[in-house]
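Examination of the molecular architecture
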Amino acid sequence: MTIVVFVGALLLAMAMGIPIAFSLLASGVALMWNLDLFDAQILAQNLIGGADSFPLLAVPFFMLAGEIMNVGGLSRRIVDFALALVGHVKGGLGYVTIMAGCLLSALSGSAVADAAALTALLLPMMVKAGHDKSRAGGLIAATGVIGPVIPPSIGLVIFGVAANVSISKLFLAAIVPGILIGAALWLTWAFLVRREKIVPPPRKSAAEILTALRKALWALMLPVIILVGLRMGVFTPTEAAVVAAVYALFVSAVIYREISWRELYGIFVAAAKTSAIVMFLIAAAMVSAWLITVADLPSKVVGLLQPFMDNKILLMAAIMVLVMAVGTAMDMTPTILILTPVLMPVVNAAGIDPVYFGVMFIINNSIGLVTPPVGTVLNVVAGVGRMSMDDVTKGVVPFMIAEFAVMFLMVIFPWLVTWPAKLFHG
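Residues numbered from 1 in each chain as written. Predicted model: local features only at pLDDT ≥ 70, side-chain atom pairs only at ≥ 80, totals over all residues. Heavy atoms only, no water.

Notes on the packing of helix 5 (residues 74-86) against helix 7 (residues 111-129)
- It is the contact of helix 5 with helix 7, at a shortest axis distance of 10 Å, that shows an interaxial angle of 40°. Considered as vectors, helix 5 and helix 7 are oriented oblique to each other. Our pair here, helix 5 against helix 7, has a crossing hand that is right-handed. Facing helix 5, whose interface residues are Ser75, Arg76, Val79 and Leu83, helix 7 presents Ala117, Leu118, Leu121, Leu122 and Met125.
- For the contact of helix 5 with helix 7, the class distribution of residues is seven nonpolar, one polar and one charged. (Axes fitted to C-alpha atoms, helices over the stretch in contact; angles between N-to-C directions. Helix = DSSP H or I, 4+ residues; strand = E, 2+ residues; numbered from the N terminus. Parallel < 35°, antiparallel > 145°, perpendicular 65-115°, else oblique. Left-handed = near helix turned anticlockwise from the far one by under 90°. Contact = heavy atoms within 4.5 Å. Nonpolar A, V, L, I, M, F, W, Y, C, P; charged D, E, K, R; others polar.)

Given below as structure tokens:
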């Protein structure tokens, strides 16, 4: 009954058009009434305490770093470097999109920021070169969702806080899976573009490639600094977010000189607005998370999944299908916050590595950003690229299928995640 009350209240509030954060609060209140525990003081304490977490400071700083990178020229220089490397091959702009997306993922950790930057920079070039606009938009959207996978990742930070799992281990474990998703997109694009009659631009000379590398070097150094710093224990993931923001600001303002002091106010306001939305969502979800624990919903879910508990692969497959279904109707952050306290007891009871599960969970949620009807990244690409939602959805389907295929491949062969994770963090 408690599951019906919680889910029913949440779905009803969302169907009424209530924003997801307030829908979570409404479902929490409904569950409190059902448990005969309603107390406004408990509600307020959990709401305030939900956002009162030191590791969550990484979220606004990574948001700020992403804003600075897009305005300060770091994103553009990375795209120019990828263009110099592979722009001359057939369908080269698609490969540029994938390379640039992977590199940008190692800078901002936000699918929305990466998709917006790639759409603005590359979609006009791809259409001008003769590529189908729908397919190009779909590739950009699918590439954008690598952002929350390759570290630093805002999604991994939120999961790590909600599940009490080491964020540093999650970061290092997600590198290889993110690259595998990029490789799947590369192969899918190569298959789709082979029949297109596109005349690629001339090959760049070695001097031009070196020039592009020199211009992008400052931007490319950031992920190296973050990953080496985390691996060597120089700073925590939260401190890494501060390093990213300060480094991006220094490079943009002092080295590239593309940000003036007058522009800083607008950049900080934009990052603050986005961070406020995410943090309030986290705070609201923590109310529901506390009530989920009090109502002992995880044990009920364990009971429902009992037939799969003896087979880790079948259990992971069942969980991934569940998350896929939820991802079609809900955005990434609320899905993480709602399902993490429910699923983690199941994962622990089955003896599944929480770091492995966390990476798989975030991959699934990331792909959910391009699954209709919600598809946040689809909306971003459609808006920035001035396309219809239907066109972007049609174009993203083959790439989305490729990403899900890689995800289930890692379900069948967990060592694709666990072995590289052990290699990176010992």
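Things to note about the confidence of the model for the protein chain
- With 94% of its residues at a pLDDT of 70 or more, the protein chain shows a mean pLDDT of 83.
- Mean pLDDT in the protein chain bottoms out at helix 15 (residues 297-304), which sits at 67, and peaks at helix 18 (residues 354-367), which reaches 94. (pLDDT = per-residue confidence, 0-100.)

Overview of the nonpolar core
- The biggest cluster of nonpolar side chains holds 142 residues, and the ones touching the most others in it are Val59, Phe159, Ile319, Phe357, Met360, Val370 and Val377.
- The greatest single-element share of this core, amounting to eleven residues, is contributed by helix 14 (residues 261-294). (Core = buried A, V, L, I, M, F, W, Y, C linked by side-chain atoms within 4.5 Å. Buried < 20%, exposed > 50% of the residue type's maximum accessible area, 1.4 Å probe, protein only.)

Overview of unusual backbone geometry
- Across the junction of Pro151 and Pro152, the peptide omega takes the value 0°, indicating a cis bond.
- With respect to the helices, strands and loops of the structure, Pro152 is situated in the loop between helix 8 (133-144) and helix 9 (154-163).
- Within the chain, Asn164 stands out as a residue other than glycine whose phi angle is a positive 60°.
- Relative to the helices and strands, Asn164 resides in the loop between helix 9 and helix 10 (167-173).
- On the accessibility criterion, Asn164 (71% relative accessible area) is exposed.
- Even without a glycine there, the phi angle at Arg386 is positive, about 55°.
- Relative to the elements of secondary structure, Arg386 occurs in the loop between helix 19 (376-384) and helix 20 (389-412).

Topic: helix 8
- With twelve residues, helix 8 should cover 16 Å at 1.5 Å per step; its first-to-last C-alpha distance of 16 Å lies within 8% of that length.
- Where burial is concerned, most of helix 8 is hidden: ten out of the twelve residues are buried.
- Along helix 8, the positions that sit buried rather than exposed are Ser134, Ala136, Gly137, Gly138, Leu139, Ile140, Ala141, Ala142, Thr143 and Gly144.
- Considering only its buried residues, helix 8 is in contact with helix 6 (92-105), helix 7, helix 11 (175-193), helix 19 and helix 20.
- The opening residue of helix 8 is Asp132, an N-cap whose side-chain oxygen sits 3.3 Å from the backbone nitrogen of Ser134. (Expected span 1.5 Å × (residues − 1). Polar contact = N/O pair within 3.5 Å; in protein donor to acceptor, adjacent residues only side chain to side chain.)

Comments concerning helix 4 (residues 58-71)
- Here helix 4 spans 20 Å end to end across 14 residues, near enough to the 20 Å set by a 1.5 Å rise per residue.
- For helix 4, every residue scored as buried is listed here: Ala58, Val59, Phe62, Met63, Leu64, Ala65, Gly66, Ile68 and Met69.

Considerations on the environment of Leu43
- The residue Leu43 is located in helix 3 (residues 40-51) in this model.
- Between the alpha carbons of Leu43 and Val29 there is a distance of 8.1 Å; along the sequence they are 14 residues apart.
- Here Leu43 is in contact with Val29, Met32 and Val287, once residues within four sequence places are set aside.

Concerning the pattern of salt bridges
- A full pass over the atoms with the stated rule returns two salt bridges.
- Across the salt bridge formed by Arg76 and Glu258, the nearest N and O atoms sit 2.6 Å from each other. Residue Arg76 is located in helix 5, and its partner Glu258 is located in the loop between helix 13 (237-255) and helix 14; the two are separated by 182 residues in the primary sequence.
- The class for Arg76 is partly exposed, based on a relative accessible area of 33%.
- We note a salt bridge from Arg77 to Glu258, for which the minimum N-O separation is 2.8 Å. (Salt bridge = Lys/Arg side-chain N within 4 Å of Asp/Glu carboxyl O.)

Some details on a nonpolar patch on the surface
- A cluster of nonpolar residues, Leu217, Met221, Val224, Val228, Met232 and Val234, forms a patch on the protein surface that exposes about 560 Å² of accessible area.
- With respect to the helices, strands and loops of the structure, Val224 is situated in helix 12 (residues 206-231). (Patch = residues over 30% accessible without salt bridge, like charges linked within 9 Å, V, L, I, M, F, W, Y side chains within 5 Å. Areas by Shrake-Rupley, 256 points an atom, 1.4 Å probe, with all protein chains shown as cover.)

A closer look at the packing of aromatic side chains
- Under the definition given, this model contains seven aromatic pairs.
- Seen in terms of ring centroids, Trp189 and Phe399 are 6.4 Å apart; in terms of plane orientation they differ by 25°. Their pairing is stacked. Of the two residues, Trp189 sits in helix 11 while Phe399 sits in helix 20, which places them 210 residues apart along the sequence.
- Looking at Phe399, the relative accessible area reads 0%, which means it is buried.
- Here the aromatic cluster, defined as three or more aromatic residues joined through ring pairs, consists of Phe159, Phe357 and Phe361.
- Positioned above the aromatic ring of Phe191 is the side chain of Arg194, whose terminal nitrogen or guanidinium carbon lies 4.1 Å from the ring centre. (Phe/Tyr/Trp six-rings, centres within 6.5 Å; stacked < 30°, edge-to-face > 60°. Lys NZ or Arg CZ within 6 Å of the ring centre and 35° of its normal.)

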